[in-house]
Amino acid sequence: MTYGRGPRAVEALKGIDFELCGGECLGLLGPNGSGKSTTIKLVLGTLRPTGGSVVTFGGPAGRRAARARTGYVPEEARRFGALTGRETVDLFARLQGVRGRAERARRVQEALEAVGLAREAWRQRLAGYSRGMARRLAMAAAWVHEPDLLVLDEPTSGLDPLGSEELLSLLDRHRKRGGAILLSTHDRVTATRACDRALVLAEGEVVLEGALDDLLADDDSPSLIGLMRRPSHG
Ligand SMILES: Nc1ncnc2c1ncn2[C@@H]1O[C@H](COP(=O)(O)OP(=O)(O)O)[C@@H](O)[C@H]1O
Ligand SMILES: [Mg+2]
């Protein structure tokens with residue numbers, strides 16, 4: 001995947017290849033600029049590959065049918081400051097085509113409870129949310145239409161330990177229902193708790209790949225620990 005052209009072109013990904021099945025969580029690990037967000041945007045179909053192909057749910061990434069089955073938590077979620085948390089999640093449910101008032105209300109409530117915002121979300125407008133609360137709300141918005149695939153870019157950055165733990169248990173719940181997860185992270189706890197497998201990226205290439213247990217058990221790969229300890233700046 002190359003951004004731009006000519007002398008200023010940036011080759012962000014140099015050919016990476018992976019598959020993801022239901023009930024599985026694949027982690028994208030690596031330092032800033034290694035190509036994690038680019039990979040995620042290609043899977044969502046918001047970015048078109050300049051080479052190779054991306055297939056989700058049996059067709060080219062980004063089709064309407066695939067988008068309806070996907071929930072996305074971006075690195076920085078946009079905040080509609082004038083809406084309450086509940087209104088925001090309800091808006092996402094509508095946009096994702098959740099039909100019927102009662103059904104929508106049930107799912108909105110379930111998603112808000114799952115991220116621990118059921119009470120705050122009734123009254124407080126997003127303008128007043130802390131970074132961690134906004135992160136949780138983004139998670140509820142991504143989950144409200146019960147997607148098969150959850151895609152999360154640095155989901156635990158900005159969360160306190162309790163917030164991270166709640167998010168991770170939500171991911172567990174999603175997987176137990178047979179859902180798939182693709183997530184990028186710098187955080188070792190997030191990676192070890194959430195992921196079965198991981199790709200470690202460096203400068204757009206996969207430098208390590210495998211089951212997380214093996215990656216962490218291997219004394220010859222201190223680079224993995226080093227990479228994951230770097231602070232997150234996006
Ligand atoms: N819109 C863009 N235009 C040009 N270059 C970009 C763009 N987005 C990302 N890049 C470049 O692609 C590389 C990978 O970026 P990114 O996928 O955001 O990395 P990560 O998410 O791992 O920090 C970096 O060199 C970055 O500068
Ligand atoms: Mg990124």
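Residues numbered from 1 in each chain as written. Chains lettered and ligands numbered in written order. Predicted model: local features only at pLDDT ≥ 70, side-chain atom pairs only at ≥ 80, totals over all residues.

## Quick notes on the domain arrangement of the chain
Note the threshold: Domain start and end points were adopted from an automatic or database domain assignment. Each residue gets a C-beta atom placed from its backbone, and two residues are in contact if those atoms lie within 7 Å. Strands are runs of DSSP state E lasting at least 2 residues, helices are runs of H or I lasting at least 4, and numbering of each runs from the N terminus. For this classification, Asp, Glu, Lys and Arg are treated as charged, while Ala, Val, Leu, Ile, Met, Phe, Trp, Tyr, Cys and Pro are nonpolar and the rest, including Gly, are polar.
As far as domains go, the chain holds domain 1 (18-69 + 148-234) and domain 2 (79-146). The C-alpha centroid of domain 2 is placed 23 Å from the C-alpha centroid of domain 1. Each partner contributes residues to the interface: domain 1 has ten residues there, and domain 2 has twelve residues. Sort the elements by how many residues they give to the side of domain 1 that touches domain 2 and helix H7 (residues 161-176) lands first, with four residues. Along the lines of polarity and charge, the residues of the side of domain 1 that touches domain 2 split into six nonpolar, two polar and two charged.

## Quick look at the site of ligand 1
Applied cut-off: Note on definitions: a residue is near a molecule or strand provided its C-beta atom, placed from the backbone, lies within 6 Å of it.
Among the 13 residues in the neighbourhood of ligand 1, the closest are listed as Tyr 3, Ala 12, Lys 36, Ser 37 and Thr 38. No other element matches the three residues that helix H1 (residues 36-44) contributes to the shell around ligand 1. For the shell around ligand 1, the class distribution of residues is three nonpolar, nine polar and one charged.

## Structural notes on the sheet that holds strand S10 (residues 205-211)
Keep this limit in mind: Here, any two strands with at least 2 DSSP bridges between them count as paired. Helix axes use the C-alpha atoms of the stretch in contact, all axes being lines fitted to C-alpha atoms, and the angles between their N-to-C directions lie in the range 0 to 180 degrees.
Strand order in the open sheet formed by six strands is S6-S7-S8-S3-S9-S10, and the pairing between neighbours is mixed. If you trace the sheet from one side to the other, it starts and ends with strand S6 (70-73) and S10, each paired once. Here the strands of the sheet are splayed against their neighbours by 15 degrees on average, with no regard to which way each runs. In terms of strand pairing, strand S7 (residues 149-153) meets strand S8 (residues 180-185) through five bridges, oriented parallel. Within S8, the residue paired with Leu 149 across the bridge is Ala 180.

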